[in-house]
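Residue strings, one per chain:
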Amino acid sequence: MDIQQLRERLALRGAPGSPYTRKMLALLRYRHIPYQLLIPSAEVEEQLPKAKVQLLPTFYFPDEEGGVEPVVDSTPIIRTLESHYPGRSVIPSDPVLKFLDFLLEDYADEWLTKAMFHYRWYYQPDIELAGNILPRWRNLQATDAEIEPISRYIRERQISRLYVVGSNDTTAPVIEESYQRFLDLFRAHLVQGPFTLGSRPGSCDFAMYGQLTQLAHFDPTPRAETLARAPQVFAWVDVMDDLSGLDVSEHGWFDRDLLPDTLQALLAEVGRVYAPALLANAAAVEAGAELVETEIAGKAWVQQPFPYQARCLQWLRQEYVRLEDDDRSRVDELLAGTGCEALFVKP
């Protein structure tokens with residue numbers, strides 16, 4: 001593999017079944033950033049440096065020694081790209097909208113992914129489809145006999161890891177009802193404009209899109225739910241896939257003082273489910289507890305603590321603290337009564 005070529009055109013390793021890979025590919029197309037996608041294979045794994053945490057996508061940024069540095073975590077990568085590639089920004093210029101975009105991106109990345117992972121590895125039709133297709137994305141030439149043991153390994157491994165996102169018999173109703181509400185709320189919000197924060201996409205749109213490429217378009221159980229409840233959301237995923245031809249107006253964001261009620265309703269869903277999950281998880285991590293036990297949307301929630309999401313809460317609070325007083329006051333007004341305000345109450 002030619003490392004110099006990787007330095008000249010932004011490279012990332014990813015797969016179609018990874019919602020975060022799909023998030024970033026759509027973002028790169030929209031921002032007109034030339035890239036090359038490396039599908040994981042034995043050759044790719046052997047020749048490229050490994051990130052400390054093996055996640056998809058992995059980006060390879062040029063380093064000072066003439067090689068490439070592996071970097072993961074889509075949210076900070078988006079901000080890095082903003083500083084390296086001007087134009088067609090996905091970060092709103094208004095500080096209030098910028099904060100809401102960050103909050104909604106985090107919700108999509110860290111809560112909607114619970115639904116994505118849950119549906120894929122909880123229901124038998126979804127388990128069968130994912131087990132059959134995921135390994136073929138890495139090796140289109142493999143025979144059925146060669147794929148079968150890989151499929152079995154993937155199914156067994158992923159089902160055994162449902163605990164990571166908190167998917168279990170107790171939490172299943174919380175996750176599924178939340179996804180259903182999200183579909184209804186997002187469908188209603190799309191009437192206000194083609195994207196979450198106006199007539200141009202923010203980073204939160206790409207985060208939602210990434211999860212929905214799997215929930216709405218691949219896994220059979222949530223796909224059927226999406227088509228039945230929110231065909232507009234199903235269609236929106238197709239629109240989001242390639243926005244390279246979208247004309248972008250600098251005035252394409254909503255006015256911070258004229259935000260639609262449908263956005264407030266979407267924030268209320270974040271406050272209903274993601275806020276209590278974040279707070280309970282952070283408390284459990286801090287206490288060294290073995291379980292997170294709380295109530296979400298009136299139902300019991302229990303899972304193992306997730307240290308990464310404790311850091312997500314810290315990052316959200318840092319963004320909140322960075323706001324100027326006037327901007328923070330406007331954010332407080334918008335979050336009041338949604339449940340999200342609980343994330344930013346001083347201990």
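Scroll up to find the structure.
Here the structure is a predicted model, which is why all the values come from computation and not from measurement.

## Considering the sheet that holds strand S3 (residues 58-62)
No. 1: A sheet is described by the order of its strands in space; here four strands give the open sequence S2-S1-S3-S4, paired in mixed fashion. Looking at strand neighbours, the two that pair on one side only are strand S2 (35-38) and strand S4 (68-71), the edges of this open sheet. The average undirected angle you get between the axes of adjacent strands in this sheet is 25°.
No. 2: Bridge count between strand S1 (residues 10-13) and S3: three bridges; the pairing is antiparallel. Its bridge partner being in S3, leucine 12 is matched across the sheet by phenylalanine 59.
No. 3: Its contacts with the sheet place helix H2 (residues 19-30) against S1, S2 and S3, and it is angled at close to 160° to S2.
No. 4: Strand contacts of helix H4 (residues 74-84): S1, S3 and S4, with the helix running at about 30° to S3, the strand carrying the most contacts.

## A closer look at the packing of aromatic side chains
No. 1: Under the criterion given, the structure shown has 17 aromatic pairs.
No. 2: Their ring planes at 50° and their centres at 6.3 Å tell us that tyrosine 107 and phenylalanine 182 sit as a pair that is tilted. Here tyrosine 107, found in helix H5 (residues 95-122), pairs with phenylalanine 182, found in helix H8 (residues 172-190); they are 75 residues apart in sequence, far enough to count as distant.
No. 3: Relative accessible area serves as the criterion here: at 0%, phenylalanine 182 is assigned to the buried category.
No. 4: Consider the rings of tryptophan 111 and tryptophan 301, whose centres lie 5.4 Å apart with planes at 35°: the pair is tilted. In this pair, tryptophan 111 sits in helix H5 while tryptophan 301 sits in strand S6 (residues 299-303), placing the two residues 190 residues apart along the sequence. Tryptophan 301 matches tryptophan 111 in its accessibility class, with the two residues each being buried.
No. 5: One aromatic cluster is present, formed by Tyr107, Tyr119, Tyr122, Tyr123, Tyr179, Phe182, Phe186, Trp236 and Tyr274 through successive ring pairs.
No. 6: Just above the ring of tyrosine 30 sits the side chain of arginine 88; from NZ or CZ to the centre is 4.6 Å.

## Notes on the side chain of aspartate 126
No. 1: Relative to the assigned elements, aspartate 126 resides in helix H6 (residues 124-138).
No. 2: Despite its burial, aspartate 126 remains without a salt bridge, the nearest opposite charge being carried by arginine 120 at 7.2 Å.
No. 3: Leave out the neighbours within four places in its chain, and aspartate 126 touches Tyr119, Arg120, Asp219, Pro220, Thr221 and Pro222.

## Regarding H4
No. 1: The set of residues buried in H4 consists of Ser74, Thr75, Ile77, Ile78 and Leu81. Looking straight down H4, one finds that the buried residues subtend no more than 160° of arc, so they occupy a single side.
No. 2: Elements in contact with the buried residues of H4: S1, H2, S3, S4, H5 and helix H9 (203-215).

## Quick look at helix H14 (residues 325-335)
No. 1: When we look at burial in H14, the residues that qualify are Asp327, Arg328, Arg330, Val331, Leu334 and Leu335. The arc that holds every buried residue of H14, seen down its axis, measures 160°, which confines them to one face. Residues of H14 that are exposed and point more than 90 degrees away from the buried face comprise Asp325, Asp326 and Glu333.
No. 2: Buried residues in H14 make contact with H5, helix H12 (261-287) and helix H13 (307-322).

## Considering unusual backbone geometry
Excluding glycine, a negative phi dihedral is what most residues carry, and trans is how most peptide bonds are arranged.
No. 1: Here the residue pair leucine 56 and proline 57 is connected by a cis peptide bond, since its omega of 0° sits within 30 degrees of zero.
No. 2: Summarising the element assignment, proline 57 is placed in the loop between helix H3 (42-47) and S3.
No. 3: Look at histidine 32: it is not a glycine, yet its phi comes out positive at around 60°.
No. 4: Secondary-structure assignment places histidine 32 in the loop between H2 and S2.
No. 5: Positive phi outside glycine occurs at aspartate 73, with the angle close to 90°.

## Focus: empty space enclosed by the protein
No. 1: Applying the stated rule across the entire model yields one cavity of 30 Å³ or more.
No. 2: One number sums up the size of the largest cavity: a volume of about 50 Å³.
No. 3: Along its surface, the largest cavity is lined by Arg13, Val44, Glu45, Leu48, Pro49, Lys50, Ala51, Gln54, Thr58 and Tyr60.
No. 4: Of all the elements in the fold, those that place two or more residues in the lining of the largest cavity are H3 and S3.
No. 5: Grouping the amino acids of the lining of the largest cavity by side-chain chemistry returns five nonpolar, two polar and three charged.

## Looking at the pattern of salt bridges
No. 1: Throughout the structure, instances matching the rule amount to 19 salt bridges.
No. 2: The closest approach of N and O atoms between glutamate 269 and arginine 181, which form a salt bridge, is 2.8 Å. With a gap of 88 residues between them, glutamate 269 in helix H12 and arginine 181 in helix H8 connect regions that are remote in the sequence.
No. 3: A relative accessible area of 0% places glutamate 269 in the buried class.
No. 4: Across the pair glutamate 319 and arginine 322 runs a salt bridge, and its minimum N-O distance is 2.7 Å. You can see glutamate 319 and its partner arginine 322 sitting in helix H13, three residues apart, about one turn around the helix.
No. 5: Since its relative accessible area comes to 21%, glutamate 319 is described here as partly exposed.
No. 6: Using a relative accessible area of 56% as the deciding quantity, one classes arginine 322 as exposed.

Rules of the game
Residues numbered from 1 in each chain as written. Predicted model: local features only at pLDDT ≥ 70, side-chain atom pairs only at ≥ 80, totals over all residues. Heavy atoms only, no water. Pairing = 2+ DSSP bridges. Helix = DSSP H or I, 4+ residues; strand = E, 2+ residues; numbered from the N terminus. Axes fitted to C-alpha atoms, helices over the stretch in contact; angles between N-to-C directions. Contact = heavy atoms within 4.5 Å. Phe/Tyr/Trp six-rings, centres within 6.5 Å; stacked < 30°, edge-to-face > 60°. Buried < 20%, exposed > 50% of the residue type's maximum accessible area, 1.4 Å probe, protein only. Lys NZ or Arg CZ within 6 Å of the ring centre and 35° of its normal. Lys, Arg positive; Asp, Glu negative; His and termini not counted. Salt bridge = Lys/Arg side-chain N within 4 Å of Asp/Glu carboxyl O. Arc of directions from axis to C-beta. 1 Å grid on protein atoms, 1.4 Å probe; cavity = no way out; pocket = protein on both sides within 12 Å on 5 of 7 lines; lining within 4 Å. Points joined across faces, edges and corners; volume = space filled by probe spheres on them. Nonpolar A, V, L, I, M, F, W, Y, C, P; charged D, E, K, R; others polar.

What is shown is where atoms sit, not what they do.
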